[in-house]
Amino acid sequence: MRTNQVVNFALGLALSSLIFFAELVLPWAYLAYLTMAIYLWKVPTKSTYTPWLGAITSILIIAGYIINQDIAVNQPAIVNRILLLCFIWLGVVLQREHKRVESKKKRLIHELDTS
């Protein structure tokens, strides 16, 4: 089980990196970070890995904006990046909440079985 979680973490890093490099080439590739938010939410990783994936993805989103930034400040691009950051961290929070509920459910089932 633990190996599977490490593999999922590595796949998450690979997905984030792939999206980042695609963003450098394609103008609308930054929207693919939404797939990373879904990945963070749905794919199980160790509970300490999920915030790290969220932080690394957040850094890549900000770095992508800085690298692709024109001379003029583009307000819609800033708003899009902020929304992407919110979706990434929403995925992290949902995954952690899901893990908390699952562990609570297992504990309650175990208590019912022992009584």
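First things first, this report covers the structure right here in the doc. Because the structure is predicted, anything quoted here is derived from the model rather than measured. (Residues numbered from 1 in each chain as written. Predicted model: local features only at pLDDT ≥ 70, side-chain atom pairs only at ≥ 80, totals over all residues. Heavy atoms only, no water.)

Quick look at the packing of helix 2 (residues 33-42) against helix 3 (residues 49-68)
Here is step 1 of the chain: Between helix 2 and helix 3, the shortest axis-to-axis distance is 11 Å and the interhelical angle comes to 170°. With respect to helix 3, the element helix 2 is oriented roughly antiparallel. Residues Tyr33, Met36, Tyr39 and Leu40 of helix 2 form the contact with helix 3, whose own contacting residues are Thr50, Leu53, Gly54, Thr57, Leu60 and Ile61.
Here is step 2 of the chain: When the residues that make up the contact of helix 2 with helix 3 are grouped by side-chain class, the tally is seven nonpolar, three polar and no charged. (Axes fitted to C-alpha atoms, helices over the stretch in contact; angles between N-to-C directions. Helix = DSSP H or I, 4+ residues; strand = E, 2+ residues; numbered from the N terminus. Parallel < 35°, antiparallel > 145°, perpendicular 65-115°, else oblique. Contact = heavy atoms within 4.5 Å. Nonpolar A, V, L, I, M, F, W, Y, C, P; charged D, E, K, R; others polar.)

Side note on helix 3
Here is step 1 of the chain: Over its 20 residues, helix 3 extends 28 Å from the first C-alpha to the last, a length consistent with the 28 Å expected when each residue adds 1.5 Å.
Here is step 2 of the chain: Of the positions making up helix 3, those classed as buried are Tyr49, Thr50, Leu53, Gly54, Thr57, Ser58, Leu60, Ile61, Gly64 and Tyr65. (Expected span 1.5 Å × (residues − 1). Buried < 20%, exposed > 50% of the residue type's maximum accessible area, 1.4 Å probe, protein only.)

Some words on the packing of helix 3 against helix 4 (residues 75-114)
Here is step 1 of the chain: Where helix 3 meets helix 4, the closest approach of the two axes is 9 Å, and the angle between their N-to-C directions is 175°. Here helix 3 lies roughly antiparallel to helix 4, going by the angle between them. Contact residues: Thr50, Pro51, Gly54, Ala55, Thr57, Ser58, Ile61, Ile62, Gly64, Tyr65 and Asn68 in helix 3; Ala77, Ile78, Arg81, Leu84, Leu85, Ile88, Trp89, Val92, Gln95 and Arg96 in helix 4.
Here is step 2 of the chain: Taken together, the residues of the contact of helix 3 with helix 4 break down into twelve nonpolar, seven polar and two charged.

Remarks on the packing of aromatic side chains
Here is step 1 of the chain: Scanning the entire structure with this criterion turns up three aromatic pairs.
Here is step 2 of the chain: Between phenylalanine 9 and tyrosine 49 the ring centres are 4.7 Å apart and the planes differ by 35°, which places this aromatic pair in the tilted class. A residue pair is termed long-range when its members are at least 10 positions apart, and phenylalanine 9 in helix 1 (residues 2-25) and tyrosine 49 in helix 3 qualify at 40 residues.
Here is step 3 of the chain: Ring geometry for phenylalanine 20 against phenylalanine 21: centres 5.4 Å apart, planes inclined by 70°, an arrangement best described as edge-to-face.
Here is step 4 of the chain: You can call phenylalanine 20 buried: its relative accessible area is 9%.
Here is step 5 of the chain: In this structure phenylalanine 21 comes out as exposed when scored by relative accessible area, which is 51%.
Here is step 6 of the chain: In this structure, lysine 42 packs its charged tip against the face of tryptophan 41, placed 4.3 Å from the ring centre. (Phe/Tyr/Trp six-rings, centres within 6.5 Å; stacked < 30°, edge-to-face > 60°. Lys NZ or Arg CZ within 6 Å of the ring centre and 35° of its normal.)

A word on helix 4
Here is step 1 of the chain: Compared with an ideal rise of 1.5 Å per residue, which puts 40 residues at 58 Å, helix 4 spans 59 Å between its outermost C-alpha atoms and is within 8% of the ideal.
Here is step 2 of the chain: By the burial criterion, the buried members of helix 4 are Ala77, Arg81, Leu84, Ile88, Gly91, Val92 and Gln95.

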